Amino acid sequence: MANENSVHQAMLAAIPHLRAFAISLSGSIERADDLVQVALLRGLENLDKFQPGTSMQAWLFTILRNQFHTDYRRRRREVEDPDGAMAQQLAVMPEQGPHLDFRDLQVALTKLSVEQREALLLVSAEGVSYEEAAQICGVNIGTIKSRVSRARTRLAELLALDGDDDLGPDRLVRAALFKHVP
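- The protein chain appears in an unreviewed UniProt entry as RNA polymerase sigma factor from Microvirga terrae.
- UniProt, in its Sequence similarities (unreviewed entry) section for the protein chain, records the words "Belongs to the sigma-70 factor family. ECF subfamily."

Laid out in structure tokens, this is it:
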């Protein structure tokens, strides 16, 4: 108990020195007090790692210094935005849109003939060449090309696609991201 008491006394004696060091590092009394508190808490949590006979103050200085650098690196990646102006300019694509688009595509694919769906999926989704798709399906290459073309046209009709404007972000998303719809 006497040894534990002397360790705690050494920690208490180090506080004014830790505080002065923390103020010199951070330039802020409030930030320095936070650093000292964290250093003391970490010191207490890791007291089993302190080597008796060494300087408690030096050990706590090391903990404080490491915490300061960790906080500094973290703050460098953060942007202060007290009035929320930057946050208001941020936009995130809604997550449900792609899921709904995929579901619509799945439903539309079921409305294609088996031959068209098979040809389209082989060529477009699986990346099989027209020649390989023709061999797989046991038809001429021209037949595969025709089935793929008709399948694409039918999908565009089923999904009510009006050209390139319907690919990518929809009008609502473009309006949110760009604040005007072209």
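## Focus: the side chain of Asp-71
Part 1: Mapping Asp-71 onto the fold places it in helix H3 (residues 56-77).
Part 2: A polar atom in the side chain of Asp-71 sits 2.8 Å from the side chain of Gln-67.
Part 3: If sequence neighbours within four positions are ignored, Asp-71 has contacts with Arg-31 and Leu-35.

## Quick notes on the layout of surface pockets
Part 1: As a volume, the second largest pocket reaches approximately 150 Å³.
Part 2: Elements that contribute at least two residues to the lining of the second largest pocket include exactly helix H5 (96-110), helix H6 (114-125) and helix H8 (141-158).
Part 3: With 4 residues, H6 is the single largest residue contributor to the lining of the second largest pocket.
Part 4: In terms of residue class, the lining of the second largest pocket is built from 6 nonpolar, 1 polar and 1 charged.

## A few points about H3
In an α-helix, one full turn covers 3.6 residues, which means residues spaced three or four apart are oriented alike.
Part 1: The end-to-end C-alpha separation of H3 is 32 Å, in line with the 32 Å expected for 22 residues at 1.5 Å each.
Part 2: The complete set of buried residues in H3 reads Met-56, Trp-59, Leu-60, Ile-63, Leu-64, Gln-67, Phe-68 and Asp-71.
Part 3: Where H3 begins, the capping side chain belongs to Ser-55, and its oxygen is found 3.4 Å from the backbone nitrogen of Gln-57.

## Comments concerning the environment of Leu-64
Part 1: Note that Leu-64 resides in helix H3.
Part 2: Separated by 32 residues in the primary sequence, Leu-64 and Ala-32 have C-alpha atoms spaced 9.5 Å apart.
Part 3: Leu-64 has contacts with Leu-18, Phe-21, Ala-22, Leu-25, Leu-35, Val-36 and Ala-39, leaving out every residue within four places of it along the chain.

## Notes on H8
Part 1: Taking 1.5 Å of rise per residue, 18 residues should cover 26 Å, and H8 covers 26 Å from first to last C-alpha, within 8% of that figure.
Part 2: Residues of H8 that are buried include every one of Ile-144, Arg-147, Val-148, Ala-151 and Leu-155, and no others. Mapping the buried residues of H8 onto a view down its axis gives an arc of 100°, with all of them on the same face. For H8, exposure combined with an orientation more than 90 degrees from the buried face picks out Arg-150 and Glu-157.
Part 3: Positive backbone phi, approximately 55°, marks Ala-160, located one or two places after H8.

Analysis parameters
- Residues numbered from 1 in each chain as written.
- Predicted model: local features only at pLDDT ≥ 70, side-chain atom pairs only at ≥ 80, totals over all residues.
- Heavy atoms only, no water.
- UniProt positions renumbered as here; feature names shortened; annotations may be inferred.
- Helix = DSSP H or I, 4+ residues; strand = E, 2+ residues; numbered from the N terminus.
- Polar contact = N/O pair within 3.5 Å; in protein donor to acceptor, adjacent residues only side chain to side chain.
- Contact = heavy atoms within 4.5 Å.
- 1 Å grid on protein atoms, 1.4 Å probe; cavity = no way out; pocket = protein on both sides within 12 Å on 5 of 7 lines; lining within 4 Å.
- Points joined across faces, edges and corners; volume = space filled by probe spheres on them.
- Nonpolar A, V, L, I, M, F, W, Y, C, P; charged D, E, K, R; others polar.
- Expected span 1.5 Å × (residues − 1).
- Buried < 20%, exposed > 50% of the residue type's maximum accessible area, 1.4 Å probe, protein only.
- Arc of directions from axis to C-beta.

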